[in-house]
Amino acid sequence: MCMKIRKCCFWIFIWVLSNSVISCSQQNETEQGGEAESCPVGPEPSVAEEVDTLNIIIETSGSMAGFMPSRGGEQTDFQMIVDNILANAESLEGNAIPNIRYWSAREKMYKEVYSRFSQMLRRGLRNPGSSSPIPQMLKNVSESFTGPDQVSIFISDFIYSPPDSRDRDFIANDIRRAISRVRQENFVVSVFASQSDFAGTFYPAERSSKPIRNCCSTAIPYYIWVMGPEEKVRLINREVIKDNYMEQVHFGFSPLSPAFMIIPGSGRSGDWYPADREGKVVRLDNAGDIREGGVMYTVGINLENLPGHVAKTEYLEDNFRLRVVNGEAAISRIYDRTQFLNQENINNKDRRLTECFSHYVTVSVTEVFDRNKNMEVNLVLGNELPGWIEAYTTEADSRIEEEGARTFSLNAVMEGAWRATGSQKGEFFNLNTTVDLSR
């Protein structure tokens, strides 16, 4: 009997010991970075599951013929990319997109059967028509082809010059008036820009300039505008437009404050440590250690759910700024994920944490005013038009072969879309971090 009791006690001891080892192991894993491996959660944008009707509209006036030349040989980039967009839409037809309708835009809208539309795109625009001014075409698209259950894709070179040259200063208002329904219905507008080889006649916006025959040795810009309810436009952007376009800008979308966190062990300098689980506060061991470049920390930010143009490093570099209370600080560097991993010494405990963020902003604390108070360092992203719009703008497109891929008064056209959607310049988001000086 005693032997049995001893044997039972032995196995109970082994069971307790093994559980203690497992518990300690789990606790040790948590202490070594379990908290850091948990990604902070940001808001998820709403994406529709279905768009009842997608209207795909291509301007087919004479100015577009060079993108769809009827000559034999290789296809233009325009033809290849737009055909790929058609294929993306067709793959969803009957499911996420029950109805797809095809239209050509000239002096008015013409409904096209798919076979004719596809043939025009692939074999060339043989019979281009006269065109309506861009504001008139946009008005038609926004009022007749965009609605609660409809999204429109409008493809054009967006060359617009008012008939009277004195009206050029009113281009932004012309566009604003043309798509005023967008704001009334709380719709959004996404604009995607690209460039294509071009074989045909180029018609400058300047009416005093002659058409340029056999143009062009340089690429010519063209644009896709997507209009409709926000969650439905998100679906079309994600599943139909995808990543086909070099540049983009989005108007009227709901602002989203991204998930962010101070990276505890990487992209840093100075004697500090994280003071909270959320990764919003750093605590200095000695406030007297602050000197120029002496204290530095990096904030990881996830911009993947924000409009595409915001997630461009160039946009962040142009529009990020700091708002500092009780001290001075500066942004030392902005990285995307790849740059951060390649250019910084990444602490092993941070490896999994770096997967949480798309971008990283390094903040250098250079001065504290009152050592008895904390410093508040807010990372503010300004809401501005992206820089590519100015780079794509010219006021003299009659010399396009010398100037390169630019569009007449594009900045004014985009300003009009900005105003039409009720977008306001100011802050896109404001992220608060704290430097704790209590020690």
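What you see is a predicted model, and the numbers here were worked out from it, not measured in a lab.

### Some thoughts on the overall build of the protein chain
A count of helical and extended segments in the protein chain gives 12 helices and 20 strands. Expected size for 439 residues packed as a compact globule is a radius of gyration near 22 Å; at 28 Å, the protein chain overshoots this value by more than 25%. Across its three principal directions, the C-alpha atoms of the protein chain cover 100 × 65 × 45 Å. Here the protein chain holds 439 residues, and the buried ones make up 50% of them. Summarising the internal contacts of the protein chain: among those between residues at least 6 apart in sequence, 79% fall at separations of at least 24.

### Describing the pattern of salt bridges
Under the definition given, this model contains 12 salt bridges. Note that Arg283 is salt-bridged to Asp436, the shortest N-O span being 2.9 Å. One end of the pair, Arg283, is in strand S12 (residues 281–284); the other, Asp436, is in strand S20 (residues 426–436), and 153 residues separate them in sequence. With a relative accessible area of 23%, Arg283 lands in the partly exposed category.

### Topic: the nonpolar core
Membership of the largest hydrophobic core comes to 45 residues, with the highest contact counts inside it found for Phe78, Ile153, Ile224, Val226, Ile236 and Tyr245. Of all hydrophobic cores here, the second largest spans 38 residues; its members include Trp103, Phe154, Phe187 and Ala205.

### Quick word on the domain arrangement of the protein chain
Accessible area lost upon the coming together of the parts is a frequently used measure of interface size. What the domain assignment reports for the protein chain is domain 1 (53–245) and domain 2 (260–384 + 428–436). For domain 1 versus domain 2, the separation of C-alpha centres amounts to 41 Å.

### What to know about the state of the cysteines
Here a disulfide denotes one covalent bond, and it connects the sulfur atoms of two cysteines. One pass over the structure, following the stated rule, counts 2 disulfides. The partner cysteine of Cys215 in its disulfide is Cys216, sulfur to sulfur 1.1 Å. Judged on exposure class, the residue Cys215 and its partner Cys216 are both buried. Numbered by position along the chain, the disulfide-linked cysteines of the protein chain connect as 1-4, 2-3.

### A few points about the packing of aromatic side chains
Applying the stated criterion across every chain yields a total of 20 aromatic pairs. Ring geometry for Trp103 versus Phe145: centroids 4.6 Å apart, planes at 70°, classification edge-to-face. Placement of the pair is Trp103 in strand S2 (residues 99–105) and Phe145 in the loop between helix H4 (134–144) and strand S4 (150–156), with a sequence separation of 42 residues. Members of the aromatic cluster, joined through ring pairs, are Phe154, Phe158, Tyr223, Trp225, Trp388 and Tyr392. For the cation-ring pair, Arg106 lies above Tyr110, with the distance from its terminal atom to the ring centre recorded as 4.2 Å.

### Observations concerning helix H2 (residues 77–92)
Every α-helix carries 3.6 residues per turn, so stepping three or four residues along brings you back to the same face. The terminal C-alpha atoms of H2, which comprises 16 residues, lie 23 Å apart, in line with the 22 Å expected from a rise of 1.5 Å per residue. Residues of H2 that are buried include every one of Phe78, Gln79, Ile81, Val82, Asp83, Ile85, Leu86, Asn88, Ala89 and Leu92, and no others. Looking at the residues trailing H2, positive phi occurs at Gly94, about 90°.

### Looking at the sheet that holds strand S8 (residues 220–228)
Overall, mixed pairing links the 7 strands, which are arranged S3-S2-S1-S4-S8-S5-S9 in an open sheet. Strand pairing shows two members of the sheet lacking a second neighbour, strand S3 (109–112) and strand S9 (247–251), which therefore form its edges. Taking each pair of neighbouring strands and ignoring which way they run, the sheet shows an average axis angle of 20°. Pairing of strand S1 (residues 53–59) with S4, which is carried by 6 bridges, proceeds in the parallel orientation. Residue pairing in the sheet places Ile56 in a bridge with Ile153 of S4. Across the sheet, helix H7 (residues 230–241) lies against S1, S4, strand S5 (188–196), S8 and S9, angled at about 140° from S8, the strand it touches most.

About the cut-offs
- Residues numbered from 1 in each chain as written.
- Predicted model: local features only at pLDDT ≥ 70, side-chain atom pairs only at ≥ 80, totals over all residues.
- Heavy atoms only, no water.
- Helix = DSSP H or I, 4+ residues; strand = E, 2+ residues; numbered from the N terminus.
- Rg over C-alpha atoms; globule rule 2.2 N^0.38 Å.
- Buried < 20%, exposed > 50% of the residue type's maximum accessible area, 1.4 Å probe, protein only.
- Contact = heavy atoms within 4.5 Å.
- Salt bridge = Lys/Arg side-chain N within 4 Å of Asp/Glu carboxyl O.
- Core = buried A, V, L, I, M, F, W, Y, C linked by side-chain atoms within 4.5 Å.
- Domains from an automatic or database assignment.
- Disulfide = S-S within 2.5 Å.
- Phe/Tyr/Trp six-rings, centres within 6.5 Å; stacked < 30°, edge-to-face > 60°.
- Lys NZ or Arg CZ within 6 Å of the ring centre and 35° of its normal.
- Expected span 1.5 Å × (residues − 1).
- Pairing = 2+ DSSP bridges.
- Axes fitted to C-alpha atoms, helices over the stretch in contact; angles between N-to-C directions.

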